[in-house]
Amino acid sequence: MVGALAGYGVSVLFPPRYTASASVLLPGQWEQRELVTQVEIATSSAVVDRAADELRWNGVGRSELRDRVSAETADGNIVKISGTAATPERAQRLSDEVAQQFVTYAARIASGTTGADEAAGPEALREQVTRTNRRITDLANAADPGQTVESVQARTELEKLRSALQDAMQKLEEADPANNRAGMVVMGPAARPAGEAPPTRLQLIGGGALLFFVLAVIAHLTAARVNRRPRSESEIAAALGTALLGTVDVPGDRRAHRPKARGAQARFRRLLGVDVRWDLPTPRSSGDEAGRRLRYRRVRARLRERVPTARRLLVVVPDDDEVARRAAGRLAADAEDDPRLRVVEVSVARPIVPDRDTESGALVVLSAGARTAEELAGVAEACADGGHEVVGVVVAGAVRARPTASADEPRGDAAAGAAVHDHATGGVA
């Protein structure tokens, strides 16, 4: 969405453009390098500047007009000249004018009459030949009208010179390849464009959305690469320096994994979706309530095996972890005072655990992928400062529960919801 808005903003900053194209036919045989030369001539300053002088558009200089004109070769000795302008009418007129100026300038090049040499073109040469023929006639008439050998030879030589001059001019015109190549033709006026030239507004919006999507994927892959939050149960247990007692399931939306956002930075991280790891292992489905109940029972059994003499334990839960809070509440409700569990919610940023009273240790319950190793180590140190030994860790995960309507459904989440939690020094009765 942000990328689409950015693309729309770019489209507003840059007004729409329209492109029209005119085609010029080059008769005769042309090599590829010669066609490339004609393309360069079509977009040269000599052609575009003449077109600018004819158009006389206010606010559009010659240099800007050169940037709006392009040319390319097509099949069949055709040079396609394109002009881009703010309106379809101007684009059509620009391409037509540049095509016409290109044909005119190419004809001058072919005839050798560009610039200062324009006076020495074919017409000037024909005029010079005419004057020479007149001079020859005058010399022939001024010669001795007598029938002497010398006079006859002089008149004969002048007539030969006249014939040779005319033959040379005829052969020169026939042999000059410019006569064939100067006949370039504009193949009709340019068609008026019906739509904007790319990139259009829709293309910019779609391109912005696609670009930001790709950047988001790359950013999330990079974040997963540099993310040092423990993602597996064994990594979490190692960070706390204790043993893993098991994993339990909490029915609910998987979004409950995400901790509550506190502060501007936390809200920004939650908005970007980098507050928790997205590459967590897929949790094993508990199937139904019976399966979830079995997982909690096994956790309690391992807890009794680890501290068989414990009559009271402290359950430490992050205060912004809803899934862990619900799992700890269910453990406390199902424990039936064997051992008795006292749930305490602590702040992970500054964890403070109540001092040891009659507890035999601390049990940590949390979700996977939401805590860094440093935060977990801080929780373990807070437990040690309070005189509690961390006897184990339980990892909770949110799953989508199957709807059941069993009459003998145990206390489960209802009992967990009825449990009372302390945030700093309280517990569960």
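Since the structure is predicted, the reported quantities are computational estimates derived from the model, not experimental observations.

A word on a nonpolar patch on the surface
Then comes step 1: A grouping of Val2, Leu210, Leu211, Phe212, Phe213, Val214, Leu215, Val217, Ile218 and Leu221 is seen on the molecular surface, where their side chains present a nonpolar patch of about 920 Å² in accessible area.
Then comes step 2: Take the nonpolar patch: its biggest share by element is nine residues, from helix 9 (residues 201–226).
Then comes step 3: With respect to the secondary-structure elements, Val217 resides in helix 9.

Regarding the sheet that holds strand 4 (residues 185–186)
Then comes step 1: Strand order in the open sheet formed by four strands is 2-3-1-4, with antiparallel pairing between adjacent strands. At either end of the open sheet lies a strand with only one pairing partner, and these are strand 2 (69–74) and strand 4.
Then comes step 2: With two bridges joining them, strand 1 (residues 18–25) and strand 4 adopt antiparallel strand pairing. Paired with Val24 across the two strands is Val186, which belongs to strand 4.
Then comes step 3: With respect to the sheet, helix 2 (residues 32–42) is in contact with strand 2 and strand 3 (78–85), its orientation differing from that of strand 2 by roughly 160 degrees.

Examining the pairing of strand 7 (residues 340–346)
Then comes step 1: Counting buried positions over the seven residues of strand 7 gives six, a clear majority of the element.
Then comes step 2: Handedness of the crossover joining strand 6 (residues 312–318) and strand 7 through helix 13 (residues 322–334): right-handed.

Comments concerning the UniProt feature "transmembrane region" (unreviewed entry) in the protein chain
Then comes step 1: The UniProt feature table records "transmembrane region" (unreviewed entry) at residues 202–223.
Then comes step 2: Split by type, residues 202–223 is 100% helix and 0% strand. Its first and last C-alpha atoms lie 31 Å apart.

Notes on the side chain of Gln101
Then comes step 1: Here Gln101 shows up in helix 5 (residues 88–111).
Then comes step 2: Here Gln101 falls in the buried class, since its relative accessible area comes to 12%.

Examining the packing of aromatic side chains
Then comes step 1: Considering all chains together, one arrives at zero aromatic pairs under this definition.
Then comes step 2: Looking at Arg90, its charged tip hangs above the ring of Trp57, at a distance of 4.6 Å from the centre.

Details of the packing of helix 1 (residues 2–13) against helix 9
Then comes step 1: Interhelical geometry of helix 1 versus helix 9 gives an angle of 145 degrees and a closest axis separation of 7 Å. Helix 9 is crossed by helix 1, and the crossing has right-handed handedness. Residues Val2, Gly3, Ala4, Ala6, Gly7, Tyr8, Val10, Ser11 and Val12 of helix 1 pack against Arg201, Leu204, Ile205, Gly208, Ala209 and Phe212 of helix 9.
Then comes step 2: Considered class by class, the residues forming the contact of helix 1 with helix 9 number ten nonpolar, four polar and one charged.

Reading the values: rules and limits
Residues numbered from 1 in each chain as written. Predicted model: local features only at pLDDT ≥ 70, side-chain atom pairs only at ≥ 80, totals over all residues. Heavy atoms only, no water. Patch = residues over 30% accessible without salt bridge, like charges linked within 9 Å, V, L, I, M, F, W, Y side chains within 5 Å. Areas by Shrake-Rupley, 256 points an atom, 1.4 Å probe, with all protein chains shown as cover. Salt bridge = Lys/Arg side-chain N within 4 Å of Asp/Glu carboxyl O. Helix = DSSP H or I, 4+ residues; strand = E, 2+ residues; numbered from the N terminus. Pairing = 2+ DSSP bridges. Contact = heavy atoms within 4.5 Å. Axes fitted to C-alpha atoms, helices over the stretch in contact; angles between N-to-C directions. Buried < 20%, exposed > 50% of the residue type's maximum accessible area, 1.4 Å probe, protein only. Right-handed = clockwise from strand over helix to strand, strands pointing away. UniProt positions renumbered as here; feature names shortened; annotations may be inferred. Phe/Tyr/Trp six-rings, centres within 6.5 Å; stacked < 30°, edge-to-face > 60°. Lys NZ or Arg CZ within 6 Å of the ring centre and 35° of its normal. Left-handed = near helix turned anticlockwise from the far one by under 90°. Nonpolar A, V, L, I, M, F, W, Y, C, P; charged D, E, K, R; others polar.

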